[in-house]
Amino acid sequence: MSPWANLQSSISTQVFTQTLTCVVLMIFSHIVSANDKVIAKIAMLKDTYEVYELDKLNNVCEDLRLFKGRPNHRMMVDLSLICQAFKAANFDIQIALLIVPNYSRSLRDVSNGTMLMPAETIWKEDVQGNPNVFISQDIIRYGEFEKGLYTIVSHPLQKMALEDIDFTQYSAITFRNWRHDLQALLQVTPKVLTSIQYDSIVNMLAAGRADFSLIEFSGGKDFIFNHKGTLVKPVNGIKVRIMDARVFVMSKEVANSRMIFSALQTGLSKLRQANKIRPLYVTHGMINPQVANWKVANPKD
């Protein structure tokens, strides 16, 4: 072989070796990055954050404990499911909970990339068509989510036979931005008031300015819900059905969100296959077999 040929061979070998080294380093770098713990900013509503004293958790997914023997807020059950999904996908993530004032703000912060995702499931119709978010598989399926017509425990409706009640003669109240609840209530009564604060809903029920509101069924005895000392209870035998599904959403505007979302979906699929999603919501009363035979107040949506 000529000296020129030897030189060419040597150069080719060096180039190949350098190229192979670069490829190996790139692969190694990707593996290290994938195995590093991801820190995720997740939006949590202020009231839930304070009630569950979440500021005391060093590691949300490792330290999170749902209440035993007393009702749990659905957002906490949703957050627990998020943690379970990442664990099932063997994805190491550290959650940083950041307080937001309401549902609408959490959606806005996720859409613009300020937050990775809300700590709760979202109505699917509220995010369909949003190009800035990934949407998970259905968590609570279409029509599976039901609410009670809650009054204060001393309200006359609690003592009346269901067949004697004309709900159109009573007034309801709901949160102004809860579009699904507003639509459902308008099928029950034309007299619907709205509020910009959740506390005001229960306060107005207590003050007699409204008769009932839609509230998720509590896991407590007789479905009674205690909101800061005010006890509310559903009218026995009647419920409304929300005709939409609830999903998790994740911002596309956050670094590595596609990888994180893929892990979430993988974990959710494993949990669904193992039949661990619906029973979680049944256990905590969000899907309640005890009201399966109750009359649906809004049969047509």
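Refer to the preceding data block for the structure.
Caption draft 1: Layout of the overall build of the protein chain. The number of helices and strands found in the protein chain is nine helices and 14 strands. Buried positions account for 46% of the 301 residues belonging to the protein chain. Intrachain contacts of the protein chain at a sequence separation of at least 6 include 74% that bridge at least 24 residues. For the protein chain, the exposed surface amounts to about 15,900 Å²; the carbon and sulfur share of it is 52%.

Caption draft 2: Quick look at the pattern of salt bridges. Tallied over the entire structure, the rule returns 14 salt bridges. Among the ionic pairs, R74 bridges to E120, the shortest N-O distance being 3.3 Å. On the criterion of sequence distance, the pair formed by R74 in helix α4 (residues 74-88) and E120 in the loop between β3 (117-118) and β4 (122-123) is long-range, its members being 46 residues apart. Across the pair, exposure class does not vary: R74 and E120 are buried alike. One salt bridge in this structure joins D181 and K147, with 2.7 Å as the shortest N-O distance. A residue pair is termed long-range when its members are at least 10 positions apart, and D181 in helix α6 (residues 179-186) and K147 in strand β6 (residues 145-152) qualify at 34 residues. Residue D181 shares its accessibility class with K147, and that shared class is buried. Sharing partners across several salt bridges, the network here consists of R74, D78, E120, E216 and R246.

Caption draft 3: Region of the structure containing unusual backbone geometry. One non-glycine residue, N90, lies in the positive phi region at around 55°. With respect to the secondary-structure elements, N90 resides in the loop between α4 and β2 (93-100). With a phi angle near 50°, K228 is a residue other than glycine that sits in the positive phi range. Relative to the helices and strands, K228 resides in the loop between β10 (225-227) and β11 (230-242).

Caption draft 4: Just the packing of aromatic side chains, in detail. Per the stated rule, a full pass over the model turns up nine aromatic pairs. With 5.7 Å between their ring centres and 35° between their planes, F86 and F91 make a pair best called tilted. Taking 5.7 Å as the distance between ring centres and 90° as the angle between the ring planes, the aromatic pair formed by F223 and W294 counts as edge-to-face. With F223 in the loop between β9 (213-216) and β10 and W294 in the loop between α9 (278-283) and β14 (295-296), this pair connects stretches of sequence that are 71 residues apart. Residue W294 is classed as buried on the basis of its relative accessible area of 13%. Lying over the aromatic face of W123, R246 brings its terminal NZ or CZ to 4.6 Å of the ring centre. In this structure, R246 is placed above the aromatic ring of F145, and the distance from its NZ or CZ to the ring centre is 5.7 Å.

Caption draft 5: Structural detail: helix α7 (residues 198-206). Along α7, the positions that sit buried rather than exposed are I201, V202, M204 and L205. Projected down its long axis, α7 carries its buried residues within an arc of 160°, all on one side. Trailing α7 by a residue or two, G208 shows a phi angle of about 80°, which is positive.

Rules behind the numbers
- Residues numbered from 1 in each chain as written.
- Predicted model: local features only at pLDDT ≥ 70, side-chain atom pairs only at ≥ 80, totals over all residues.
- Heavy atoms only, no water.
- Helix = DSSP H or I, 4+ residues; strand = E, 2+ residues; numbered from the N terminus.
- Buried < 20%, exposed > 50% of the residue type's maximum accessible area, 1.4 Å probe, protein only.
- Contact = heavy atoms within 4.5 Å.
- Areas by Shrake-Rupley, 256 points an atom, 1.4 Å probe, with all protein chains shown as cover.
- Salt bridge = Lys/Arg side-chain N within 4 Å of Asp/Glu carboxyl O.
- Phe/Tyr/Trp six-rings, centres within 6.5 Å; stacked < 30°, edge-to-face > 60°.
- Lys NZ or Arg CZ within 6 Å of the ring centre and 35° of its normal.
- Arc of directions from axis to C-beta.

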